[in-house]
Every structure is written in C-alpha cells, then in structure tokens.
Amino acid sequence: LNNFVHPYNSYNKLFISSNSMGKIKITIDKLYKDDEISFINEQIGLITSTITNDNMSEVEKIKSFHDYIINNTTYDTERANEIKQNIYTENKYMSHKANGVLINKIALCSGYTDLMAIYLNMINIKNFKIATNEHIWNAVNMNNSWLHLDLTWDDPVTDTGQPMLLDEFFLSSQAELVNAKTGQHNYEEKIYTEIAITK
C-alpha cells in the first residue's frame with residue numbers, strides 16, 4: 001500500500017482490532033511525523049529555489065533535483081548489509097526516510113525514492129513507487145507515459161569510494177529497464193497496470 005500513497009501517508013505499522021459487535025478499528029503508525037514533514041517541505045523549497053527556475057521544463061527540473069540529491073548523498077552500504085543479514089537495529093542515519101537523506105546525506109533506496117516522490121508531488125507530476133523484495137524506485141508519468149526513475153542506481157557505490165553521478169536510470173522506458181538486467185528491477189508488472197498499458 002505504501003507504494004501507491006504519498007510518502008507522508010505511508011506507515012510503519014497498521015494495528016487492526018475488532019469488538020464483539022463487529023466494529024473494526026485501524027490505527028496507523030505513520031512513517032513521517034508532522035515536524036519531519038515541515039522540515040522536508042522547507043528543505044525541498046530551499047533546494048529547488050537555487051537549482052530550478054520557471055523557465056525550465058519538467059524534465060529539466062526533475063533532472064536538476066535528481067543530480068542535486070545524488071551529488072549530496074551517499075548510499076548507506078552499512079545499513080544495507082545489515083538488512084541482508086537480517087540485522088534490524090535502529091537506523092541511526094534515518095537513511096530509509098526522506099528527512100534522513102536531507103539531514104545526514106546518506107540513503108537507502110527507500111530514502112532516495114521517498115524524497116523524489118515528495119518533490120514530484122510538489123511540482124504536480126503523477127508518480128508512484130515500484131517495489132520488489134530487494135529494491136524500490138519511482139515511476140513517473142511524463143506525457144501520458146510511465147517511465148522509471150531510480151536515483152539509487154544512478155548513485156553507484158564505487159571501489160575507490162569516489163562519488164559518481166549517472167543518468168542510466170533517469171526516466172528510462174520499460175524496455176531500457178529490462179535491457180539493463182540489474183537483477184533488482186524484476187517487479188510484478190500485473191500489480192502496476194499503468195506501466196503495462198503504456199509500455
């Protein structure tokens with residue numbers, strides 16, 4: 001469900017209870033608190049005021065935000081390795097969330113994806129998140145076609161530790177995503193019918 005709602009409406013946990021009268025109560029533990037939402041909105045506003053302008057196309061604005069985040073963020077390899085080993089400790093950098101990316105400059109794929117989704121919503125571009133068991137990225141609607149946008153894979157971890165900015169997964173088509181053969185983009189297409197219709 002979190003893939004199809006605004007990140008601010010996504011949740012950590014859902015608590016469901018019922019009584020003898022059949023009344024069902026759902027309590028939502030949201031991922032983002034009010035103070036985090038205010039911070040993220042303010043930071044995105046500050047960033048975009050310096051890297052975009054009204055004369056830029058939608059694609060240019062998205063590319064500017066894409067490049068800014070990648071140039072100012074490092075992939076959280078330590079946390080990713082812990083998850084692979086089923087070690088679930090507190091995420092000290094909040095790298096799984098948009099505000100963690102903005103504060104600590106370190107991200108997991110969910111952090112990159114949430115931050116981009118929030119920005120896309122701010123500039124009124126339709127989007128949702130695509131997830132597999134191992135990865136998550138953005139689907140973006142441009143000119144009535146759904147394209148793929150993956151900041152994580154455009155910010156690769158290098159052997160030398162030197163930062164690298166790619167655009168191989170910047171608004172790529174379904175065919176381009178398949179041809180990349182990453183092993184982490186093999187999602188269930190029947191779940192995301194919008195992409196299946198326009199590919």
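Placed above this text is the structure.
Reading the values: rules and limits
- Residues numbered from 1 in each chain as written.
- Predicted model: local features only at pLDDT ≥ 70, side-chain atom pairs only at ≥ 80, totals over all residues.
- Heavy atoms only, no water.
- Helix = DSSP H or I, 4+ residues; strand = E, 2+ residues; numbered from the N terminus.
- Rg over C-alpha atoms; globule rule 2.2 N^0.38 Å.
- Buried < 20%, exposed > 50% of the residue type's maximum accessible area, 1.4 Å probe, protein only.
- Contact = heavy atoms within 4.5 Å.
- Areas by Shrake-Rupley, 256 points an atom, 1.4 Å probe, with all protein chains shown as cover.
- Lys, Arg positive; Asp, Glu negative; His and termini not counted.
- Charge placed at Lys NZ, Arg CZ, Asp CG, Glu CD.
- Phe/Tyr/Trp six-rings, centres within 6.5 Å; stacked < 30°, edge-to-face > 60°.
- Lys NZ or Arg CZ within 6 Å of the ring centre and 35° of its normal.

Draft legend 1. Molecular detail of the overall build of the protein chain. Secondary structure assignment for the protein chain yields seven helices and seven strands. In the protein chain, the succession of α and β elements from N to C terminus is β-β-α-α-β-α-α-β-α-β-β-β-α-α. In terms of overall size, the protein chain behaves like a compact globule, its C-alpha atoms giving a radius of gyration of 18 Å where 199 residues would be expected to give roughly 16 Å. Taken over the C-alpha atoms alone, the protein chain extends approximately 60 × 40 × 35 Å along its principal axes. A total of 199 residues make up the protein chain; the buried ones form 41% of that total. Looking at the protein chain alone, contacts between residues at least 24 apart form 52% of all its contacts between residues at least 6 apart. Per element, the accessible surface of the protein chain, about 11500 Å² overall, is 50% carbon and sulfur. Side-chain charges in the protein chain split into 17 positive and 25 negative, and the spacing between the mean points of these groups amounts to 8 Å.

Draft legend 2. Summary view of the packing of aromatic side chains. Summed over all chains, the structure comprises nine aromatic pairs. Between Phe128 and Tyr192 the ring centres are 5.7 Å apart and the planes differ by 5°, which places this aromatic pair in the stacked class. Taken as a pair, Phe128 in strand E5 (residues 127-131) and Tyr192 in the loop between helix H6 (174-180) and helix H7 (193-198) lie far apart in primary sequence, 64 residues in all. You can call Phe128 buried: its relative accessible area is 6%. Centroid distance Tyr187 to Tyr192: 5.6 Å. Interplanar angle 75°. Geometry classified as edge-to-face. Each member of the pair, Tyr187 as well as Tyr192, carries the same accessibility label: buried. Over the face of the ring belonging to Phe170 we find Lys63, whose NZ or CZ atom lies 5.8 Å from the ring centre. Over the face of the ring belonging to Tyr32 we find Lys97, whose NZ or CZ atom lies 5.2 Å from the ring centre.

Draft legend 3. Focus on the environment of Glu188. In this fold, Glu188 is placed in the loop between H6 and H7. The spatial distance from the C-alpha of Glu188 to the C-alpha of Ile130 is 9.2 Å, given a sequence separation of 58 residues.

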